Amino acid sequence: MKKEVNPSFLYGVSVEGDNFTDRTQETRRLKLNFENGLNVILISPRRMGKTSLVKHVMQVVDKDIVHPVYMDIYDCRSEYDFYNKFAETILKQTSSKIEILMENVRRFLARVSPKISMSPDSITDYSITLGITPKEYSPEEVLSLPEQIAKQMGKHIVVCIDEFQQLAEWPDSLQVQKRMRGVWQHQQHVSYCLFGSRQHMMNQLFQDKRMPFYQFGEPNYLQDISTDDWIPFIQSKFEKKGLHINSNFVQQICDTVENQSSYVQQLSWNVMLNTENEVAEETIEMGISDLLMQCTPLFMEQTGSLTSYQMNLLRAIVDGQHTHWSSQEVLTKYNLGTKSNVAKMQKVLMERDFIVSTEQGLFLSDPVMGLWFKKKA
Ligand SMILES: Nc1ncnc2c1ncn2[C@@H]1O[C@H](COP(=O)(O)OP(=O)(O)OP(=O)(O)O)[C@@H](O)[C@H]1O
Ligand SMILES: [Mg+2]
């Protein structure tokens, strides 16, 4: 009999099924948006669960009216890189068989000769390379592909694009964004769900009035999963292994990592590995200490390129300083240089997603990095 690996906790990859807590409200909202043809922008700090949520919604939408497709454009380096991935994904995910896909290529993209490679593991799995260049098709023609296919299918297509912020790094990005929006906003049978892991870049693309994608869709800020939702989720995972964790300890896990989804699962796993029968205070401490050890190489690499002033600013935040950045006392206490220096540092640290600015002031984006700083101090 085939043995299945069934991890108790999973982190760092998108999750589904047993590893996915309900997110009932968010799912309902996104599902309705998808089914009603609204464009959606999904923004959150890192590893909160955007990809998992979108994939979950794609599974539960009413397939009689909506046909969702998903693509991750992290490795697209230019406009035409994207157009190829865009067209390939849409063709592939709207065709149940290769024959249908080839028929659609002939109908909508007759000027390219696609290459199909079959997967060695499965007769139904294959990949397609279209090789579209500006000679064959203009951007507008490629961008209108989902609309044409949607009309043919008699269904609404929802195109979900992950790591969307990457397009800000392409040559001529602004021009490309204008083209995309220009075509997409007139489509009647297609809507878009755009999201990505770099919160600051996503904010810039969608919140700045001067940017083409400003107000393109309904902005959704994905909140953390509440401790009340984590308690039954985590307790049941422990129970399945014949172990027990008191809800106070789950609360402590959530508090330690400020409910950041991926860390909640990672820390829970660390705690489980240290548990024999029942979770105790020391088990939690061991789990936290393992978590810090696991994160240290990454944090060292991330902070390695920072100046000592920038490090001081992060330390000040960790120390509980969130506002009053122009006070001389604060500048001196934390050795931050001049007022204008602080303003510049804030900008850089925000652009690199080290910190976020909220109504309550500046905070570290990564709660575990905060713990790491405290431990080092
Ligand atoms: N609904 C959920 N239930 C339980 N755990 C979740 C859920 N959503 C996310 N997680 C946890 O967070 C991790 C990251 O999830 P996911 O990749 O979906 O987040 P993301 O916001 O897309 O991350 P990134 O910012 O890196 O793109 C998962 O591996 C899982 O541990
Ligand atoms: Mg993601």
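Residues numbered from 1 in each chain as written. Chains lettered and ligands numbered in written order. Predicted model: local features only at pLDDT ≥ 70, side-chain atom pairs only at ≥ 80, totals over all residues. Heavy atoms only, no water.

Caption draft 1: Just the site of ligand 1, in detail. Lining the immediate surroundings of ligand 1 are 24 residues, of which L10, V13, R46, T51 and S52 lie closest. A distance of 2.4 Å is found between an oxygen atom of ligand 1 and a backbone nitrogen or oxygen belonging to L10. S52 is positioned with one of its side-chain polar atoms (N or O) 2.5 Å from an oxygen atom of ligand 1. Surface burial for ligand 1 is 97%, taken as the share of its 630 Å² of free accessible area covered by protein chains. Those elements that place two or more of their residues in the shell around ligand 1 are α2 (50-60) and α11 (261-273). For the shell around ligand 1, a count of residues per class yields eight nonpolar, 11 polar and five charged. Of the residues that make up the shell around ligand 1, three or more belong to each of domain 1 (22-221) and domain 2 (227-302). (Near = heavy atom within 4 Å. Polar contact = N/O pair within 3.5 Å; in protein donor to acceptor, adjacent residues only side chain to side chain. Areas by Shrake-Rupley, 256 points an atom, 1.4 Å probe, with all protein chains shown as cover. Helix = DSSP H or I, 4+ residues; strand = E, 2+ residues; numbered from the N terminus. Nonpolar A, V, L, I, M, F, W, Y, C, P; charged D, E, K, R; others polar. Domains from an automatic or database assignment.)

Caption draft 2: Representation of the sheet that holds strand β6 (residues 190-195). Reading across the sheet, the five strands line up as β2-β5-β6-β1-β7 and stay open at both edges, with parallel pairing between neighbours. This sheet does not close on itself; its edge strands, each paired only once, are β2 (66-72) and β7 (218-221). Direction aside, the axes of adjacent strands within the sheet are offset by 15 degrees on average. Across seven bridges, the pairing between β2 and strand β5 (residues 156-162) is parallel. The residue bridging M71 from the neighbouring strand is I161, located in β5. Strands in contact with helix α1 (residues 24-35) are β1 (40-43), β2, β5, β6 and β7; relative to β7, the strand with the most contacts, it is inclined by about 160 degrees. (Pairing = 2+ DSSP bridges. Axes fitted to C-alpha atoms, helices over the stretch in contact; angles between N-to-C directions. Contact = heavy atoms within 4.5 Å.)

Caption draft 3: View of the side chain of N104. Counting through the fold element by element, N104 comes out in helix α4 (residues 98-108). The class of N104 is buried, set by a relative accessible area of 3%. Aside from chain neighbours lying at most four places away, what touches N104 is L91, S95, L109 and Q152. (Buried < 20%, exposed > 50% of the residue type's maximum accessible area, 1.4 Å probe, protein only.)

Caption draft 4: The side chain of Q165, seen in detail. When you line up the elements, Q165 lands in the loop between β5 and α7 (173-184). With relative accessibility at 0%, the residue Q165 sits in the buried group. At a separation of 3.4 Å, a polar atom in the side chain of Q165 contacts the main-chain amide nitrogen of R198. Beyond its immediate stretch of four places on either side in the chain, Q165 contacts G196, S197, R198, M201, M202 and L205.

Caption draft 5: Representation of the domain arrangement of the chain. Splitting the chain by domain gives domain 1 (22-221), domain 2 (227-302) and domain 3 (307-376). In this structure, domain 1 and domain 2 have C-alpha centres spaced 36 Å apart. In this assembly, four residues from domain 1 lie in contact with four residues from domain 2. Buried surface at the junction of domain 1 and domain 2, both sides included, amounts to about 290 Å², of which 48% is carbon and sulfur. When the area that domain 1 buries against domain 2 is broken down by residue, the three leading residues are R46, R47 and M48, summing to 94%. At the boundary of domain 1 and domain 2, one finds zero salt bridges. Where domain 1 touches domain 2, the interface holds three residue pairs in polar contact (both at pLDDT 80 or more). Here the residues of the side of domain 1 that touches domain 2 are counted per class, giving one nonpolar, no polar and three charged. (Buried area = accessible area lost by both parts, 1.4 Å probe. Salt bridge = Lys/Arg side-chain N within 4 Å of Asp/Glu carboxyl O.)

Caption draft 6: Just unusual backbone geometry, in detail. Positive phi is not limited to glycine here, since R47 has a value of about 55 degrees. Summarising the element assignment, R47 is placed in the loop between β1 and α2. Assessed through its relative accessible area of 41%, R47 is described here as partly exposed. The backbone of H324 sits at a positive phi, close to 60 degrees, despite the residue not being glycine. For H324, the position within the fold is in the loop between α13 (308-318) and α14 (328-333).

Caption draft 7: Highlighting the nonpolar core. I234, F238, W325 and L336 are the most contacted members of the largest nonpolar core, which totals 49 residues. Summarising the domain contributions, this core has at least three residues from each of domain 2 (227-302) and domain 3 (307-376). Those residues in contact with W325 that lie beyond four places of it in its chain are L313, A316, I317, V330, L331, L336, K339, V342, Q346 and L362. In terms of nonpolar packing, the next biggest core, distinct from the first, is built from 46 residues, M71, L143, W184 and L194 among them. (Core = buried A, V, L, I, M, F, W, Y, C linked by side-chain atoms within 4.5 Å.)

Caption draft 8: Up close: the pairing of β1. Where burial is concerned, the two faces of β1 agree: the one with V40 and L42 and the one with I41 and I43 are both buried. One ladder, built from three bridges, connects β1 with β6; its direction is parallel. Each residue of the ladder has a partner; that of I41, found in β6, is L194. Relative to β7, β1 runs parallel, the two being bridged by four bridges. Paired with I43 across the two strands is Y221, which belongs to β7.

Caption draft 9: Molecular detail of the environment of Q266. One can find Q266 in helix α11. Overall, Q266 belongs to the buried group, its relative accessible area being 9%. Once the C-alpha coordinates of Q266 and H186 are considered, the two residues, 80 residues apart in sequence, prove to be 43 Å apart. Once residues within four sequence positions are removed from consideration, Q266 is found in contact with Y11, L291 and Q294.

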